[in-house]
Amino acid sequence: MRLKRLLVKLVPYWPMAVGAAFSALVVLVLNLLIPQFIRLVIDEAILEGQVFLLPWIAGGIVLVTVVKGVFSFGQRYLMERVAQKIIFDLRNRLYNHLQHLSFSYYENTQTGQLMSRATADVEMLKRFYGFGIIHLFQGAVTFIGVLIVIFAMHARLAALTVLALPIILVVIFRFGKKVGPAYQVIQEQLADLTSVLQENLTGIRVVKAFGREEGESQKFDNENAALLNKNISAVRIWAYYFPFLSFLTGLAAAFIIWYGGREVIAGRLMLGELIAFNSYLLMLVMPMRMLGWVVNLSQRALTSAARVFEILDTKPEIDDAPDARELLDVKGEVTFRSVSFAYREGVEALKNISFTAKPGENVAIVGTTGSGKTTLVSLIPRFYDPTEGEVLLDHEDIRSFTLQSLRRTIGFVSQDTFLFSATISENIGYGDAKADHEAIVAAAKAAQIHDFIVTLPQGYETMVGERGVNLSGGQKQRIAIARALLKDPKILILDDYTSSVDAHTEYLIRGALDTLMAGRTSFIIAQRISTVLAADQILVMDGGEIVARGTHEDLLETSPLYQEIYNIQFSGNSLTCDEEGRDNPWTT
Ligand SMILES: Nc1ncnc2c1ncn2[C@@H]1O[C@H](COP(=O)(O)OP(=O)(O)OP(=O)(O)O)[C@@H](O)[C@H]1O
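Residues numbered from 1 in each chain as written. Predicted model: local features only at pLDDT ≥ 70, side-chain atom pairs only at ≥ 80, totals over all residues. Heavy atoms only, no water.

## Digging into the nonpolar core
In this structure, L32, V146, I150, Y241, F277 and Y280 are the most contacted members of the largest nonpolar core, which totals 40 residues. Elements that contribute at least two residues to this core include exactly α2 (14–46), α5 (111–153), α6 (155–161), α7 (165–202), α9 (213–265) and α10 (271–313). Counting residues in hydrophobic clusters, the runner-up holds 32 residues, among them V339, V377, Y384 and I491. (Core = buried A, V, L, I, M, F, W, Y, C linked by side-chain atoms within 4.5 Å. Buried < 20%, exposed > 50% of the residue type's maximum accessible area, 1.4 Å probe, protein only. Helix = DSSP H or I, 4+ residues; strand = E, 2+ residues; numbered from the N terminus.)

This is how it looks when you write it as structure tokens:
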């Protein structure tokens with residue numbers, strides 16, 4: 001099944017694959033000629049004393065070798081090209097597929113596992129296409145070719161020699177059965193090792209902050225030692241295999257010399273024929289060894305294929321409905337109608353949520369930690385679909401629109417800001433490939449980050465992310481805000497957007513956002529008092545439910561939970577700023 005699926009991928013490249021197979025056949029025929037030259041040298045030139053034949057035979061050998069070289073090159077080159085092309089397609093498909101898999105998939109899969117599949121496993125498949133298949137073919141035709149020739153030369157001797165064949169085949173297949181699972185275990189262990197490495201590198205700050213370098217090294221050591229052991233187990237299987245195979249072929253050679261020698265002495269076989277016969281049998285040694293190698297490679301490739309296909313076969317949980325249409329002319333009315341949602345069955349993160357945000361309305365969401373605020377806003381761009389109920393945009397279920405067009409209308413600034421290893425300008429322009437420099441600068445100005453950017457040595461062309469300058473949390477967040485604003489979204493979602501900027505910057509952003517939010521429906525998970533003050537409606541969440549709603553003044557009077565949140569969360573930063581951005585005590 002998996003093998004068939006791997007082989008089908010050759011179909012689009014059949015002319016090249018056939019070219020490689022043809023070259024392999026030519027190489028085989030030429031190989032079969034060499035022992036005949038040897039026979040001629042011994043039987044005709046030496047024993048019969050026909051010296052004039054020698055230069056011709058020598059010339060023939062040179063010619064055969066040259067032509068063989070050309071076709072060997074063709075075979076290798078063509079097959080490697082096919083392999084590279086198949087792997088190119090596969091890598092692209094895999095990457096593309098990964099882009100479309102849903103959040104839930106990534107939450108349940110280790111990044112290291114995915115990286116290992118996209119690199120080590122794909123590489124294994126390349127070796128299968130580039131070497132495995134052609135060597136399997138070459139081995140099979142060599143076998144058939146040699147058998148035909150030796151039976152034609154001396155049927156009895158050939159028949160007696162190949163009696164050893166079934167034993168050899170049993171050895172090869174037993175080997176395949178053992179080595180396959182051994183390599184599956186290795187491949188899985190390698191993925192585990194990659195996961196440890198990836199997690200360590202991502203969390204290196206935590207490792208250092210807690211002084212856990214030793215512990216982490218130990219963790220890696222353990223996984224690495226497990227990999228070593230598993231590799232050694234596989235190598236042991238290999239190590240048994242080769243000497244045993246050599247022993248069997250040695251036995252066959254001994255038999256030929258013994259039996260064939262007697263035939264020569266009896267005059268039923270020429271000396272040159274015996275030597276040629278033996279050369280043919282030696283030609284079988286390589287394919288037999290190769291068969292073991294190819295069986296091993298194929299087993300590994302099948303393991304890798306299973307791991308790669310598993311990703312490709314995972315359907316994105318969130319996808320376009322078959323009749324999904326483009327979302328056009330958005331007004332921006334968002335309605336949650338009896339929405340419930342569970343990340344895991346039976347544990348509801350949202351329970352029966354209903355509310356409407358009118359176009360252009362500014363909705364603040366407050367609540368205790370873990371009450372479902374982030375989950376609620378994640379349903380609007382369809383990061384997840386409700387388990388029950390529906391989310392409507394302009395009175396239509398958002399599942400009736402294409403994901404692309406839906407997400408295009410939404411600007412999202414999430415809790416953890418991620419910037420790519422690219423220039424500031426590219427990061428801000430991420431959501432709109434056509435954005436010009438003026439638009440990028442305008443967005444940066446609106447997010448109050450322009451003044452900072454121009455102080456950098458390369459301004460907007462400064463690299464950020466892993467390969468560039470380090471920015472503070474607040475600076476990153478403002479770049480993320482600029483990135484969201486550049487899309488000119490009808491709906492704006494800001495999750496904890498002010499959590500890492502100081503009161504002064506918050507004031508500056510606040511001012512910019514007030515203008516920018518005009519005409520957009522916005523949802524802001526509020527951490528600061530100024531946000532709730534500016535909101536048209538505030539949703540108060542607790543345990544996945546909306547327990548109160550209203551304006552700040554209403555809620556202070558009617559909702560004890562809101563009062564509590566206000567006292568704990570907002571009073572600590574109940575400062576707003578005066579015109580110049582200086583902090584002032586906040587009063588209602
Ligand atoms: N990806 C996830 N998988 C499983 N459970 C999750 C996931 N994300 C959140 N939860 C759970 O869902 C509940 C709501 O989480 P959510 O992040 O929406 O809360 P929140 O109000 O935004 O919290 P905070 O203010 O701390 O960010 C929590 O109990 C949380 O543990």
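## What to know about the pattern of salt bridges
Across all of its chains, the model carries 14 salt bridges by this definition. Salt-bridge contacts for K219 lead to E216; the nearest nitrogen and oxygen are separated by 3.5 Å. Remark: E216 and K219 occur in helix α9; sequence separation between them is 3 residues, near one turn of the helix. Judged by relative accessible area, which is 16%, E216 ranks as buried. R382 is the partner of D385 in a salt bridge, and the nearest nitrogen-oxygen pair spans 2.8 Å. As far as burial versus exposure is concerned, D385 and R382 are alike and both buried. (Salt bridge = Lys/Arg side-chain N within 4 Å of Asp/Glu carboxyl O.)

## Examining the environment of Y562
With respect to the element layout, Y562 can be found in helix α20 (residues 560–570). Considering only alpha carbons, one finds Y562 and Q113, 449 residues apart in sequence, at a separation of 43 Å. Of note is the side chain of Y562, whose polar atom sits 2.7 Å from the side chain of H552. (Polar contact = N/O pair within 3.5 Å; in protein donor to acceptor, adjacent residues only side chain to side chain.)

## Comments concerning the pairing of strand β3 (residues 362–367)
In regular strands, side chains alternate between the two faces of the sheet. Of all 6 residues in β3, 6 are buried, a share of seventy percent or more. The side-chain alternation of β3 yields two buried faces, one formed by N362, A364 and V366 and the other by V363, I365 and G367. By the bridge criterion, 4 bridges tie β3 to strand β8 (residues 521–525) in an arrangement that is parallel. The partner of N362 across the bridge, within β8, is S522. As paired elements, β3 and strand β9 (residues 537–542) share 5 bridges and run parallel to each other. In the strand pairing of β9, I365 is matched with L539. (Pairing = 2+ DSSP bridges.)

## Quick notes on the packing of α7 against α9
At a closest axis distance of 9 Å, the pairing of α7 and α9 adopts a crossing angle of 165°. By the angle between their directions, the pair α7 and α9 is classed as roughly antiparallel. The chirality of how α7 crosses α9 is left-handed. For the contact of α7 with α9, a count of residues per class yields 24 nonpolar, 4 polar and 6 charged. (Axes fitted to C-alpha atoms, helices over the stretch in contact; angles between N-to-C directions. Parallel < 35°, antiparallel > 145°, perpendicular 65-115°, else oblique. Left-handed = near helix turned anticlockwise from the far one by under 90°. Nonpolar A, V, L, I, M, F, W, Y, C, P; charged D, E, K, R; others polar.)

## Regarding the site of the ligand
All residues in the neighbourhood of the ligand are listed as E107, Y343, A349, T368, T369, G370, S371, G372, K373, T374, T375 and Q415. Take Y343: an N or O atom from its side chain is 3.4 Å from a nitrogen atom of the ligand. Here an oxygen atom of the ligand and a side-chain polar atom of T375 are 2.4 Å apart. Compared with its free state, where it exposes 630 Å², the ligand has 64% of that area covered by protein. Here the residues of the shell around the ligand sort into 2 nonpolar, 8 polar and 2 charged. (Near = heavy atom within 4 Å. Areas by Shrake-Rupley, 256 points an atom, 1.4 Å probe, with all protein chains shown as cover.)

## A few points about the UniProt feature "transmembrane region" (unreviewed entry) in the chain
According to UniProt, the feature "transmembrane region" (unreviewed entry) maps to residues 12–33, 53–71, 128–151, 157–176 and 238–259 in the numbering used here. When the span residues 157–176 is considered, its composition is 85% helix and 0% strand, and the gap between its end C-alpha atoms is 30 Å. Segment residues 238–259 splits into 100% helix and 0% strand. End C-alpha atoms: 32 Å apart. (UniProt positions renumbered as here; feature names shortened; annotations may be inferred.)

## Looking at the confidence of the model for the chain
Of all residues in the chain, 93% have pLDDT values of 70 or greater, and the mean over the chain is 86. Taking the mean pLDDT of every element in the chain, the minimum, 36, falls on strand β12 (residues 583–585) and the maximum, 95, on strand β4 (residues 388–393). Throughout residues 573–588 the model reports pLDDT below 50, and contacts reaching past four residues in sequence, or to other chains, amount to 36 contacts. Two summary scores accompany this predicted model of the complex, namely pTM at 0.76 and ipTM at 0.96. (pLDDT = per-residue confidence, 0-100. Contact = heavy atoms within 4.5 Å.)

## A closer look at α5
Residues spaced three or four apart along an α-helix point in a common direction, a consequence of the helix completing one turn every 3.6 residues. For α5, which comprises 43 residues, the first-to-last C-alpha distance of 60 Å matches the rise-based estimate of 63 Å (1.5 Å per residue) to within 8%. By the largest-angle criterion, F128 marks the main kink of α5, which is about 35°. (Expected span 1.5 Å × (residues − 1). Bend = angle between axes of the 7 residues up to and from the residue.)

## Some points on the domain arrangement of the chain
Segmentation of the chain into domains returns domain 1 (2–312) and domain 2 (329–409 + 520–570). The C-alpha centroid of domain 2 is placed 59 Å from the C-alpha centroid of domain 1. (Domains from an automatic or database assignment.)

## Concerning the sheet that holds strand β5 (residues 396–397)
If you trace the 4 strands from one edge of the open sheet to the other, you get β2-β1-β4-β5, paired in antiparallel fashion. Strands with a single pairing partner mark the edges of an open sheet, and in this sheet they are β2 (347–357) and β5. With 7 bridges connecting them, strand β1 (residues 334–344) and β2 associate as antiparallel partners. The residue of β2 that forms the bridge with F336 is F355.

## Remarks on the pairing of β4
Sheet topology note: the β1/β4 ladder contains 5 bridges and is antiparallel. Among the inter-strand pairings, S340 is bridged to a residue of β4, identified as E388. Looking at chain direction, β4 and β5 are connected through 2 bridges and run antiparallel. Looking at the pairing, L392 lines up with D397 of β5. Counting the residues in the hairpin turn of β4 and β5 gives 2 residues, including D394, whose phi is positive at 50°.

## Observations regarding a nonpolar patch on the surface
Together, I46, L47, M270, L271 and I275 make up an exposed nonpolar region whose accessible area comes to about 420 Å². In this structure, M270 sits in the loop between α9 and α10. Owing to a relative accessible area of 36%, M270 belongs among the partly exposed residues under this scheme. (Patch = residues over 30% accessible without salt bridge, like charges linked within 9 Å, V, L, I, M, F, W, Y side chains within 5 Å.)

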